[in-house]
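Breakdown of the fold
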Amino acid sequence: MHRQLTAALLFTLGATVAASAHHGWGSYDTAKKFTIEAAIDMIAWQNPHAHVMLKYENATWEITLAPISRMERRGLSEAMLKTGTVIQAEGYPSTRHEHEMRAERITIDGKVYEMR
Amino acid sequence: MWDALLRGLEFSSLGFAARSWTWLYPLANLAHVLGATFLVGAILVFDIQLLRNRFELAASISRTALAVAATGLALLIITGPIMFSAEATAFGRNPIFLAKMVLILAGLANLSLYHWAKRRVFLQPPIPANARFHAAISATVWILAVIAGRSIAYV
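All values derive from a computational prediction rather than experimental measurement.

Parameters and conventions
Residues numbered from 1 in each chain as written. Chains lettered and ligands numbered in written order. Predicted model: local features only at pLDDT ≥ 70, side-chain atom pairs only at ≥ 80, totals over all residues. Helix = DSSP H or I, 4+ residues; strand = E, 2+ residues; numbered from the N terminus. Buried ≥ 20, exposed ≤ 12 C-beta atoms within 10 Å, placed from the backbone. Contact = placed C-beta atoms within 7 Å. Axes fitted to C-alpha atoms, helices over the stretch in contact; angles between N-to-C directions. Parallel < 35°, antiparallel > 145°, perpendicular 65-115°, else oblique. Left-handed = near helix turned anticlockwise from the far one by under 90°. Nonpolar A, V, L, I, M, F, W, Y, C, P; charged D, E, K, R; others polar.

1. Some remarks on the overall build of chain A
Within chain A one finds 2 helices and 6 strands. Reading chain A from its N terminus to its C terminus gives the helix and strand order α-β-β-β-α-β-β-β. Counting across all 116 residues of chain A, residues that qualify as buried make up 21%. For chain A, restricting intrachain contacts to residue pairs at least 6 apart in sequence, the fraction spanning at least 24 positions comes to 50%.

2. Looking at the packing of helix 6 (residues 95-117) of chain B against helix 7 (residues 131-151) of chain B
Residues and elements named next belong to chain B. In the contact formed by helix 6 and helix 7, the axes pass within 9 Å of each other and the chain directions differ by 160 degrees. One way to sum up the angle between helix 6 and helix 7 is to call them roughly antiparallel. Our pair here, helix 6 against helix 7, has a crossing hand that is left-handed. Between helix 6 and helix 7, the residues in contact are Ile96, Ala99, Lys100, Leu103, Ile104, Ala106, Gly107, Asn110, Leu111 and Tyr114 and His134, Ile137, Ser138, Val141, Trp142, Leu144, Ala145, Ala148, Gly149 and Ser151, respectively. Here the contact of helix 6 with helix 7 is composed, by residue class, of 13 nonpolar, 6 polar and 1 charged.

Now the structure itself:
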């Protein structure tokens, strides 16, 4: 009986450790931080993450931002991210999808907004 | 067929609301987590009594445990589709999401098999020998379902 319980707990612990390998910003390469400065091609102001499309080195990059409630709390709004607005997005490339960046912060009009 | 279904859900008014309303997705997420703690917490309390051979204790807590679990299940069933519809095409291809669905089906099958075979288990002793086997399966599968659920966002 105790052995069964112990086995179940150990199994659970093992699975938790395996699962936590994906935690955080795990699918983005934080060693390759870079910045894109471009006019917004397209904006999707939506949950669970907003996205903007920016041109960078002859490709269109999808920039993953934060949940909209977090960005609103920090003073951002959909109206500030209109198509054509020039922004700087600083972040990391995805290790899974080509031309996708997870933004650590974005800068609009010299004002910095943290995404994490 | 599956893809069309996913697209239909993603572009439904539910999917639209889940994406565009500032608080719907975060609240659904919150209630989903709450539902999981209710469901799995109540299941574990019950299963552990079975594993310890405390069948009378298990029977005496079963009403309360069932009420808490049912409340949790209701929260989960209501909020799951809200989050799913926000990104249905991505979720429908996410291997961890599909694994979570398999785990849930396994948990429900385990429950059904046990109850189907031993309907009156707590009213008529002796307790069946396989009660502890089903309890071990139940505890394992439901914990793994929670782990899979939280992992969906990270694969």
